[in-house]
Amino acid sequence: DYIQPQLQAFIQAGIRNVHVGLTNTGTAGLPERIKPLGTLLDAVRAGLPIRYEDDGDWTISKGMSASDSQFNLIGYSYGSLLAAQTANFYARQGHIVDHLVLIGSPIDSGFLEKLKGTSGIKKVVILDLTDKGDPLHAGMGQTELLEARPTLARQFSANRAEGHFYYAQPVPESPRRWKALAERIASEGLR
């Protein structure tokens with residue numbers, strides 16, 4: 001429910017050529033009554049190999065072109081891990097990724113440092129939500145991730161757009177939050 005309004009906020013903040021590459025992969029092909037399990041499936045995947053550099057089939061490619069005037073990747077939570085894998089893939093292919101924005105990302109520290117040092121990725125922007133009560137943060141270890149599970153489960157089931165789900169669960173205040181996030185990202189130079 002937050003994807004389309006957030007995309008509109010990006011466009012209003014001056015970020016153009018916005019495309020959704022992939023969201024909530026756990027729900028693909030699932031019956032409607034089971035789709036809520038998609039978030040759980042993505043959470044399991046996020047705690048496994050996708051947190052680390054992986055040459056597997058994690059990249060987002062549908063609807064994107066590395067030949068636009070600026071090639072930026074923005075990802076939130078599990079999507080941040082897909083964005084990181086995709087940026088790594090494109091950089092290895094000789095493309096330039098202008099900005100890689102990781103929001104609420106549980107990315108491993110080693111992979112994060114590799115991305116920051118990759119010449120094909122000009123700028124890595126980390127937007128942790130720890131000030132909102134998110135137990136996840138970029139560069140966290142596996143033990144920290146495991147210890148965060150009860151807090152994440154409480155925040156998710158409360159459905160009050162708190163902590164890790166600050167931008168992902170729509171509440172009356174969400175349009176203001178989405179606008180502020182878009183403006184913050186645009187201030188990094190994304191166009």
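Residues numbered from 1 in each chain as written. Predicted model: local features only at pLDDT ≥ 70, side-chain atom pairs only at ≥ 80, totals over all residues. Heavy atoms only, no water.

Asker: I'd like a rundown of the side chain of Asp134, residues and numbers included.
Answerer: Relative to the assigned elements, Asp134 resides in the loop between strand 3 (121-127) and helix 5 (142-158). In terms of polar contacts, Asp134 uses its side chain to reach the backbone amide nitrogen of Leu136, at 2.8 Å. For Asp134, the side chain forms a polar contact with the side chain of His164, separated by 2.8 Å. In contact with Asp134, not counting residues within four places along its chain, are Gly104, Leu129, Leu152, Gln155, Gly163 and His164. (Helix = DSSP H or I, 4+ residues; strand = E, 2+ residues; numbered from the N terminus. Polar contact = N/O pair within 3.5 Å; in protein donor to acceptor, adjacent residues only side chain to side chain. Contact = heavy atoms within 4.5 Å.)

Asker: Let's hear about the nonpolar core: which residues, and what values?
Answerer: Core analysis: the biggest nonpolar cluster contains 25 residues, and Val101, Ile103, Leu127, Tyr167 and Ile185 have the highest contact counts within it. Counting only elements with at least two residues in this core, the list comes to helix 1 (3-12), strand 2 (97-103), strand 3, helix 5 and helix 6 (174-186). With 5 residues, helix 6 is the single largest residue contributor to this core. Those residues in contact with Ile103 that sit more than four places away from it in its chain are Ile74, Gly75, Tyr76, Ser77, Ser80, Leu127, Leu129, Tyr167, Leu181 and Ile185. Formed by 21 residues, the second largest nonpolar core is a distinct cluster that contains Phe71, Tyr78, Ala83 and Leu100. (Core = buried A, V, L, I, M, F, W, Y, C linked by side-chain atoms within 4.5 Å. Buried < 20%, exposed > 50% of the residue type's maximum accessible area, 1.4 Å probe, protein only.)

Asker: Lay out the packing of aromatic side chains in plain terms, naming residues and giving numbers.
Answerer: Under the definition given, this model contains 6 aromatic pairs. On the numbers, 5.7 Å between centres and 80° between planes, the contact of Tyr2 with Tyr76 is edge-to-face. With a gap of 74 residues between them, Tyr2 in the segment before helix 1 and Tyr76 in strand 1 (residues 72-76) connect regions that are remote in the sequence. We classify Tyr76 as buried; its relative accessible area is 12%. Ring plane angle 55° and centroid distance 5.4 Å describe the contact between Phe156 and Phe165, whose orientation is recorded as tilted. Classification of Phe165 by relative accessible area gives buried; the value is 12%. (Phe/Tyr/Trp six-rings, centres within 6.5 Å; stacked < 30°, edge-to-face > 60°.)

Asker: Break down unusual backbone geometry for me, with residues and values.
Answerer: Of note, Ser77 is a non-glycine position whose phi angle comes to about 60°, a positive value. Following the sequence through the fold, Ser77 ends up in the loop between strand 1 and helix 3 (78-92). Its identity as a non-glycine residue notwithstanding, Ala161 has a phi of 55°, on the positive side. Its location among the elements puts Ala161 in the loop between helix 5 and helix 6.

Asker: Before we move on, can you summarise the pairing of strand 1 with the specific residues and values?
Answerer: The element strand 1 is largely enclosed, with a buried count of 4 among its 5 residues. Where strand 1 lies against strand 2, 5 bridges are found, and the strand directions are parallel. Bridge pairing in strand 2 links Asn72 to His99. In the classification by handedness, the crossover that spans strand 1, the intervening helix 3 and the parallel strand 2 is right-handed. (Pairing = 2+ DSSP bridges. Right-handed = clockwise from strand over helix to strand, strands pointing away.)

Asker: Please give an account of the sheet that holds strand 2 that cites residues and values.
Answerer: One open sheet holds the 3 strands; their spatial order is 1-2-3, and the pairing between them is parallel. Looking along the sheet, the strands with just one partner apiece sit at the ends: strand 1 and strand 3. The sheet shows a mean angle of 10° between the axes of neighbouring strands, taken without regard to direction. Judged from the 6 bridges that link them, strand 2 and strand 3 form a sheet pairing that is parallel. When the sheet's bridge partners are listed, Val101 is paired in strand 3 with Val125. Lying on the sheet, helix 3 is in contact with strand 1, strand 2 and strand 3; it crosses strand 1 at an angle near 155°. The strands touched by helix 6 within the sheet are strand 1, strand 2 and strand 3, with strand 3 carrying the most contacts at an inclination of about 150°. (Axes fitted to C-alpha atoms, helices over the stretch in contact; angles between N-to-C directions.)

Asker: Break down the packing of helix 3 against helix 4 (residues 109-116) for me, citing the residues and quoting the values.
Answerer: Direction vectors running N to C along helix 3 and helix 4 enclose 40°, while the axes themselves pass 11 Å from each other. With respect to helix 4, the element helix 3 is oriented oblique. For the crossing formed where helix 3 meets helix 4, the hand is left-handed. Facing helix 3, whose interface residues are Ala84, Gln85 and Asn88, helix 4 presents Phe111, Lys114 and Leu115. Tallied by class, the residues present in the contact of helix 3 with helix 4 amount to 3 nonpolar, 2 polar and 1 charged. (Parallel < 35°, antiparallel > 145°, perpendicular 65-115°, else oblique. Left-handed = near helix turned anticlockwise from the far one by under 90°. Nonpolar A, V, L, I, M, F, W, Y, C, P; charged D, E, K, R; others polar.)

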